[in-house]
Amino acid sequence: MNKLQRNRLALRSAFFALFVLAPPLDLFRLDLNVGHFYFLRQNWTLGLEAFQRGEISPNQAIINLLVFGFIPIALVIGTGVWVAWKYGRLYCGWLCPHFSVVEMINALMRRATGKPSLWERRPLPEELPDGRIIRPDGRYWFMVALAVVGFAFVWSISFVTYLYTPSQIYSGLLTGELSTMQVALLIMFTVVFSLEFTLARHLFCRFGCAVGLFQSVAWMANKRAMVVGFKRERVNECLACNNACDNACPMRLKPRAIKRQMFTCTQCGQCIQACTQIEEGRGSLLNWVQDIEALDVSDREFGHGPDKSKSSQLCDAKADTAPVTGAGTAQAHRTTGT
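Cut-offs and rules
Residue numbering note: each chain is counted from 1, following its sequence as written. The predicted origin of the model limits local features to residues at a pLDDT of at least 70 and limits the giving and counting of side-chain atom pairs to 80 or more, whereas totals for whole chains, interfaces and linings rest on all residues. The basis for every side-chain value is the complete set of heavy atoms in the structure, and neither hydrogens nor water enter the calculation. Ring pairs shown here join Phe, Tyr and Trp side chains whose ring centres sit within 6.5 Å, with only the six-membered ring taken for Trp; geometry is labelled stacked below 30 degrees between planes, edge-to-face above 60, and tilted in between. What counts as a helix is a DSSP run of H or I of at least four residues, what counts as a strand is a run of E of at least two, and both are numbered from the N terminus. Geometrically, a lysine NZ or arginine CZ counts as sitting over a ring once it is within 6 Å of the ring centre and also within 35 degrees of the ring normal. Points on a 1 Å grid over protein atoms alone make up a cavity when a 1.4 Å probe fits among them but cannot get out, and a pocket when they form an open set with protein on both sides within 12 Å along at least five of seven lines; lining residues each have an atom within 4 Å of a point. Grid points are joined across faces, edges and corners, and a volume is the space filled by probe spheres set on the points. Under this grouping Gly is polar, as are all residues other than the nonpolar Ala, Val, Leu, Ile, Met, Phe, Trp, Tyr, Cys and Pro and the charged Asp, Glu, Lys and Arg. On a scale of 0 to 100, pLDDT captures the predictor's confidence in every residue. Here, residues are in contact when the closest pair of their heavy atoms is within 4.5 Å. At least two bridges found by DSSP between two strands is the condition for calling them paired. Axes here mean lines fitted to C-alpha atoms, for a helix over just the part in contact, with angles spanning 0 to 180 degrees between N-to-C directions. Salt bridges are defined by distance alone: a side-chain nitrogen of Lys or Arg within 4 Å of a carboxyl oxygen of Asp or Glu. Buried residues are those whose accessible area, probed at 1.4 Å on protein chains only, stays under 20% of the maximum for their type, while exposed residues exceed 50% and partly exposed ones sit between those limits.

Going through the model one piece at a time under the given rule, you end up with 14 aromatic pairs. Where Phe159 meets Phe193, the ring centres are 5.4 Å apart and the plane angle is 50°; that geometry is what we call tilted. Pair noted here: Phe159 is in helix α6 (residues 141-161) and Phe193 is in helix α8 (residues 180-208), with a separation of 34 residues, a long-range link. Ring centres 6.0 Å apart and planes at 20° place the aromatic pair Phe193 and Phe197 in the stacked group. Highlighted residues: Phe193 and Phe197, both in helix α8, separated by four residues, approximately one helical turn. Within the aromatic cluster, the residues linked to one another by ring pairs are Phe16, Phe19, Phe151, Trp155, Phe159, Tyr162, Phe189, Phe193 and Phe197. The lysine or arginine in question, Lys259, covers the ring of Trp219, its NZ or CZ lying 4.5 Å from the ring centre.

Spelled out as structure tokens, the structure:
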């Protein structure tokens, strides 16, 4: 694991802890019992109760709606759109607590079956790019089941504590005095999350998560956004590789493809790390590119060259180095099996 992946692991772990601890610490949650949000241990309301009691004017009520409602929502959404438009699904790859679970279960399932998901057509190579060997061992199925059910239960508790007073939920778990509704919610969420983590975790990330899809749409709208590029001028060095970048991708994408086919890329950088380990000493064939260098990844179609005017811009911008582009040649894809 390189420095980039260690930093990503630290960020994901910290954000997962924040996701779980935010309700009991009253950092952020909606309490259905009192009917309003908590934010940083403070009551977060729209201030309309005072208007209903006749204590403030209609103008002050409108100001409260703007200050405590519209402006915070607009800032959060606006910041998210800007980050996704410029850098892609950074939240998914670097913070999202669901994607953290996806990657962990992928690793355990590969240990158990040789495949990162049940729907993979064939096992991945046993030798990893860093030289380690992973041979399938059925005994790891116990770890897979434990991780699936364990994370599903943690997620269920977190969801319920975002809606109900956390102290009541945690004390109820210890004393067995949860209400019928709370027990039903915990059971329902645990079952649903267990099934999703086992069968459809990648499908949910790719097609079911509104936050992820929202980021992908914003990212696709910017052809100059940061994207993984492929150094096609060194394509011969790619021929001897056993699709290390494809095998490393937790979303099961093909990093040498055009941007449209990497619609759900989470910018996790694992494909870049895998290629770096294969090409140690000569540099990775994959790296992040943006601005002019990203145009070729965005525009190229298989079997077609890039727009000449854009190639000229790239050459002018980096005349002293070879251009970094995105999709690879048709021959490279045929020979590498992608």
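It is worth spelling out empty space enclosed by the protein at this point. On inspection of all chains with the given rule, the structure shows three cavities of 30 Å³ or more. Taken as a whole, the largest cavity spans an internal volume of roughly 110 Å³. In terms of lining, the largest cavity is formed by 13 residues, of which the most central are Cys249, Pro255, Cys265, Cys268 and Cys271. Of the residues belonging to the lining of the largest cavity, the class tally is ten nonpolar, three polar and no charged. Looking at the second largest cavity, its volume works out to about 60 Å³. Around the second largest cavity, the lining is made up of eleven residues, and of these Cys238, Cys241, Cys245, Cys275 and Leu285 lie nearest the centre. A breakdown of the residues in the lining of the second largest cavity according to their chemical character gives nine nonpolar, no polar and two charged.

This paragraph deals with the confidence of the model for the protein chain. With 87% of its residues at a pLDDT of at least 70, the protein chain reaches an overall mean of 82. Taken as a whole, residues 301-338 scores under 50 in pLDDT and shows 73 contacts with residues more than four places along the chain or in a different chain.

The next point concerns the layout of surface pockets. Its volume calculated, the second largest pocket comes out at about 1200 Å³. Lining the second largest pocket we find 40 residues, and of these Glu103, Ala107, Arg132, Gln270 and Gln273 sit closest to its centre. Of all the secondary structure elements, the ones that give two or more residues to the lining of the second largest pocket are α1 (3-21), α5 (97-113), α10 (244-248) and α11 (270-278). Among the elements that make up the lining of the second largest pocket, the one with the highest residue count is α5 (nine residues). Taken together, the residues of the lining of the second largest pocket break down into 21 nonpolar, ten polar and nine charged.

Our next topic: the sheet that holds strand β2 (residues 36-39). Ordered by their spatial adjacency, three strands build an open sheet running β1-β2-β3, and the pairing between neighbours is antiparallel. Each having just a single partner strand, β1 (28-31) and β3 (42-44) make up the two edges of the open sheet. Strand-to-strand twist in this sheet, taken as the mean axis angle between neighbours without regard to direction, amounts to 30°. As paired strands, β1 and β2 are joined by four bridges and run antiparallel to one another. The partner of Arg29 across the bridge, within β2, is Tyr38.

To continue, consider the environment of Gly283. Within the secondary structure, Gly283 sits in the loop between α11 and β5 (286-289). Sequence-wise, Gly283 and Ile272 are eleven residues apart; in three dimensions their C-alpha atoms are separated by 9.8 Å.

Oppositely charged side chains are able to pair whenever their charged atoms sit close together. Considering all chains together, one arrives at eight salt bridges under this definition. A salt bridge links Arg8 to Glu103, with the shortest nitrogen-to-oxygen separation between them at 2.8 Å. Of this pair, Arg8 sits in helix α1 while Glu103 sits in helix α5, and the two are 95 residues apart along the sequence. You can call Arg8 buried: its relative accessible area is 1%. In this structure, the salt-bridge partner of Asp26 is Arg29, at a minimum N-O distance of 2.6 Å. For the pair formed by Asp26 and Arg29, the shared burial category is buried. When salt bridges that share partners are traced, they join Arg8, Arg12 and Glu103 into one network.

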